[in-house]
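As a plain string of letters, each chain reads:
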Amino acid sequence: MPHALLQTAMACIGSVGFAVLFNIRGKKLLLSGLGGALGWAVYLCCLHTGQDVFFALFLATAAVVACSELLARLVKTPVILLMVPMLIPLIPGGDLYYMMSCLVQGQYARFGQYAQLVLTESGAIAIGIICVASLANICTGFQKHPRRAP
Amino acid sequence: MPQGNMSGPQTVLAGILDIGELLLTSGAEVMRVEDTITRLCMVYGFVKVDVFTITSSIVLTVTAADGEIFTQTRRIRARDTDLGRVERVNALSRQLCQAPLPAEELRQAVQQVRNGPAYPEQVRFWMYALTAGVFSVFFGGNVWDAAAAAVAGAFLFLILKSGQRLRLNSILLHMLCSALTALLIVGLTRLGLGQNPDKIIIGNIMLLIPGLALTASLRDMINGDTISGLLGFCEATLKALAIAIGFAAILTGLGG
């Protein structure tokens, strides 16, 4: 449990760090950090209750995207501004590295395992983003503007 | 950039493309770029807008009210993530949708958005150190690993900066930076700062690895922007490969 708390705290600071590198300012830095911590907390809770990685990441992403959609409307800013730094702790950067590292060292069996893992993880995140973002678009009637002239 | 002899609609089109280019090079999604360009063209009185955007190019053809057709394209080379700029461009395009500016003022407004505020280099330097340290703890390192990762993160920032000044291509730059960082990390652990080289390395990899680009490319593909998605996917995979080669060359060579 202390480890989980430490990890969540680190996810929070890490999100803020990336938000600064992405040139985000003011109170949105704080929101990014809280969102990053929320995502990781949801992920850990899901794993703790016995869900698999795909579903855990999907739910964590869904929570983060829903949170950023709501907050973005409150503070009047584009959604990706909050969403991108909030998602940072969930991004499978480490596994992507291990995958490529196995490939470079010729360990093809482990490369295959990692490749599957990375695709599952980033696929779960991508689907989570799209599901919640589409839901938000439907709720707010996003398609009011003319996309093509008659 | 618009030339002096351009007629009105072409200048407006160039201004709108500038906005699209700014969005794309600052890390906005392809869909947002197309959406923004389409809205702006409609606001400026074009009756039909066809915009095709991939991560490396924007093609825009519009039909004016009198039936005349204009086309301009942009080649996009370098992209980074500057979400502050995305926000400013977004604010500008909202403002333009309310009250379109004349062509000349549009250019100035875009210029202003392009050169908006950015964090000073010292802040970015410390953030590289902080983030590397934080992520090495996140992946299970201890305090000393975090300290080593922070030193390596700061070093990584400096060599990335100087590498960009040398105008190396991005794949080569990432390979070189990860090799040099791995060398430093192996050196640090030999000297006794940090016990787990793998945790230190993961902290630094988070700063380099295009995990975000990989996820965004899958999102683009599922969204229907298949070409952009594939381009992003290839780019991210190649970059990850370059980083792995850089680290692996040092780690297998020195047995870190």
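Cut-offs applied
- Residues numbered from 1 in each chain as written.
- Chains lettered and ligands numbered in written order.
- Predicted model: local features only at pLDDT ≥ 70, side-chain atom pairs only at ≥ 80, totals over all residues.
- Heavy atoms only, no water.
- Core = buried A, V, L, I, M, F, W, Y, C linked by side-chain atoms within 4.5 Å.
- Buried < 20%, exposed > 50% of the residue type's maximum accessible area, 1.4 Å probe, protein only.
- Helix = DSSP H or I, 4+ residues; strand = E, 2+ residues; numbered from the N terminus.
- Domains from an automatic or database assignment.
- Contact = heavy atoms within 4.5 Å.
- Pairing = 2+ DSSP bridges.
- Axes fitted to C-alpha atoms, helices over the stretch in contact; angles between N-to-C directions.
- Buried area = accessible area lost by both parts, 1.4 Å probe.
- Salt bridge = Lys/Arg side-chain N within 4 Å of Asp/Glu carboxyl O.
- Polar contact = N/O pair within 3.5 Å; in protein donor to acceptor, adjacent residues only side chain to side chain.
- Nonpolar A, V, L, I, M, F, W, Y, C, P; charged D, E, K, R; others polar.
- Left-handed = near helix turned anticlockwise from the far one by under 90°.
- pLDDT = per-residue confidence, 0-100.
- Expected span 1.5 Å × (residues − 1).

1. Looking at the nonpolar core
Part 1 of the reasoning: Ranked by size, the top nonpolar core spans 117 residues in total, and within it Leu 90 of chain A together with Ile 37, Phe 46 and Leu 60 of chain B carry the most contacts.
Part 2 of the reasoning: Broken down by element, this core gets its largest block of residues, nine residues, from helix α3 (residues 53-75) of chain A.
Part 3 of the reasoning: A domain split of this core shows at least three residues from each of domain 1 (8-114) and domain 2 (121-254) of chain B.
Part 4 of the reasoning: If near-sequence neighbours (up to four positions away) are discounted, Ile 37 of chain B is found in contact with Ile 16, Leu 17, Gly 20, Val 51, Ile 58 and Leu 60 of chain B.

2. Re the sheet that holds strand β3 (residues 69-75) of chain B
Picture the strands of a sheet paired through backbone hydrogen bonds; they go either parallel or antiparallel.
All names here are of chain B.
Part 1 of the reasoning: The strand order β1-β2-β3 describes an open sheet built from three strands, whose pairing is antiparallel. Pairing within the sheet leaves two strands with one partner each, and these edge strands are β1 (48-54) and β3. Each adjacent strand pair in this sheet contributes to an overall mean axis angle of 5 degrees, direction not counted.
Part 2 of the reasoning: Summarising the sheet, strand β2 (residues 57-63) and β3 pair through seven bridges and their orientation is antiparallel.

3. Looking at the interface of chain B and chain A
Part 1 of the reasoning: Taken together, the contact pairs 58 residues of chain B with 54 residues of chain A.
Part 2 of the reasoning: Buried area between chain B and chain A, both sides added, is near 4,900 Å², and the carbon and sulfur share of it is 73%.
Part 3 of the reasoning: Broken down residue by residue, the surface that chain B buries against chain A is led by Leu 83, Tyr 119 and Phe 138 of chain B, which jointly contribute 16%.
Part 4 of the reasoning: Across the chain B-chain A interface, the total number found is one salt bridge.
Part 5 of the reasoning: Its salt-bridge partner being Lys 28 of chain A, residue Glu 87 of chain B comes within 2.7 Å of it at the nearest N-O pair.
Part 6 of the reasoning: Applying the counting rule to chain B against chain A returns eleven residue pairs in polar contact (both at pLDDT 80 or more).
Part 7 of the reasoning: Contributing elements (two or more residues each) for the side of chain B that touches chain A: α2 (30-43), β1, α3 (83-98), α5 (121-138), α8 (197-208), α9 (211-223) and α10 (226-254) of chain B.
Part 8 of the reasoning: Classifying every residue of the side of chain B that touches chain A by side-chain character gives 36 nonpolar, eleven polar and eleven charged.

4. Topic: unusual backbone geometry
Part 1 of the reasoning: Residue Lys 76 of chain A is not a glycine yet carries a positive backbone phi of 55 degrees.
Part 2 of the reasoning: One can find Lys 76 of chain A in the loop between α3 and α4 (79-87).
Part 3 of the reasoning: Here Arg 167 of chain B, not a glycine, exhibits a phi torsion of approximately 60 degrees, which is positive.
Part 4 of the reasoning: Here Arg 167 of chain B lies in the loop between α6 (143-165) and α7 (170-191).

5. With respect to the packing of α3 of chain A against α4 of chain A
All names here are of chain A.
Part 1 of the reasoning: Contact geometry of α3 with α4 gives a least axis separation of 8 Å together with a crossing angle of 145 degrees. Note that α3 runs across α4; the crossing there is right-handed. Together, Thr 61, Val 64, Val 65, Cys 67, Ser 68, Glu 69, Leu 71, Ala 72 and Val 75 of α3 and Val 79, Leu 82, Met 83, Met 86 and Leu 87 of α4 make up the contact between the two elements.
Part 2 of the reasoning: Split into classes, the residues belonging to the contact of α3 with α4 amount to eleven nonpolar, two polar and one charged.

6. Quick notes on the pattern of salt bridges
Part 1 of the reasoning: Overall, the coordinates contain eleven salt bridges over all chains when judged by the stated rule.
Part 2 of the reasoning: Among the ionic pairs, Arg 73 of chain A bridges to Glu 69 of chain A, the shortest N-O distance being 2.8 Å. A residue pair is termed a helical-turn pair when its members lie 3 or 4 positions apart in one helix, as Arg 73 of chain A and Glu 69 of chain A do in helix α3 at four residues.
Part 3 of the reasoning: Where Arg 32 of chain B meets Glu 29 of chain B, a salt bridge forms, and the shortest distance between an N and an O atom there is 3.1 Å. Just as Arg 32 of chain B is buried, Glu 29 of chain B falls in that class too.
Part 4 of the reasoning: When salt bridges with common partners are traced through the structure, they connect Asp 18, Glu 21 and Arg 74 of chain B into a single cluster.

7. Quick notes on the domain arrangement of chain B
Residue and element names in this part refer to chain B.
Part 1 of the reasoning: By the assigned domains, chain B splits into domain 1 (8-114) and domain 2 (121-254).
Part 2 of the reasoning: When each unit is reduced to the centre of its C-alpha atoms, the spacing between domain 1 and domain 2 is 33 Å.
Part 3 of the reasoning: Taken residue by residue, the interface counts eight residues in domain 1 and seven residues in domain 2.
Part 4 of the reasoning: With both sides pooled, the region where domain 1 packs onto domain 2 buries about 620 Å², and carbon together with sulfur makes up 57% of that total.
Part 5 of the reasoning: Applying the counting criterion to the domain 1 and domain 2 interface returns zero salt bridges.
Part 6 of the reasoning: Elements that contribute at least two residues to the side of domain 1 that touches domain 2 include exactly α2 and β1.
Part 7 of the reasoning: Among the residues making up the side of domain 1 that touches domain 2, the classes are represented as four nonpolar, three polar and one charged.

8. A closer look at the pairing of β1 of chain B
Residue and element names in this part refer to chain B.
Part 1 of the reasoning: Pairing of β1 with β2, which is carried by seven bridges, proceeds in the antiparallel orientation. Considered in β2, the bridge of Thr 53 is made with Ile 58.
Part 2 of the reasoning: In sequence, β1 turns back onto β2 through a hairpin of two residues.

9. Remarks on the confidence of the model for chain A
Residues and elements named next belong to chain A.
Part 1 of the reasoning: When the pLDDT values of chain A are averaged, the result is 88; 93% of them are 70 or greater.
Part 2 of the reasoning: Per-element averaging of pLDDT across chain A places helix α5 (residues 93-104) at the bottom with 86 and helix α2 (residues 27-48) at the top with 94.
Part 3 of the reasoning: Long-range and interchain partners of residues 146-150, a stretch whose pLDDT sits below 50, account for ten contacts in this model, where long-range means more than four residues apart.

10. Notes on α5 of chain A
Part 1 of the reasoning: Here α5 of chain A is twelve residues long and its end C-alpha atoms lie 17 Å apart, about the 16 Å a rise of 1.5 Å per residue gives.
Part 2 of the reasoning: Within α5 of chain A the residues assigned to the buried category are Gly 93, Gly 94, Asp 95, Leu 96, Tyr 97, Met 99, Met 100, Ser 101 and Cys 102 of chain A.
Part 3 of the reasoning: Residues of α5 of chain A that are buried in the fold lie against α6 (108-140) of chain A together with α8, α9 and α10 of chain B.
Part 4 of the reasoning: Positioned one or two residues after α5 of chain A, Gly 106 of chain A has a phi angle of 80 degrees, which is positive.

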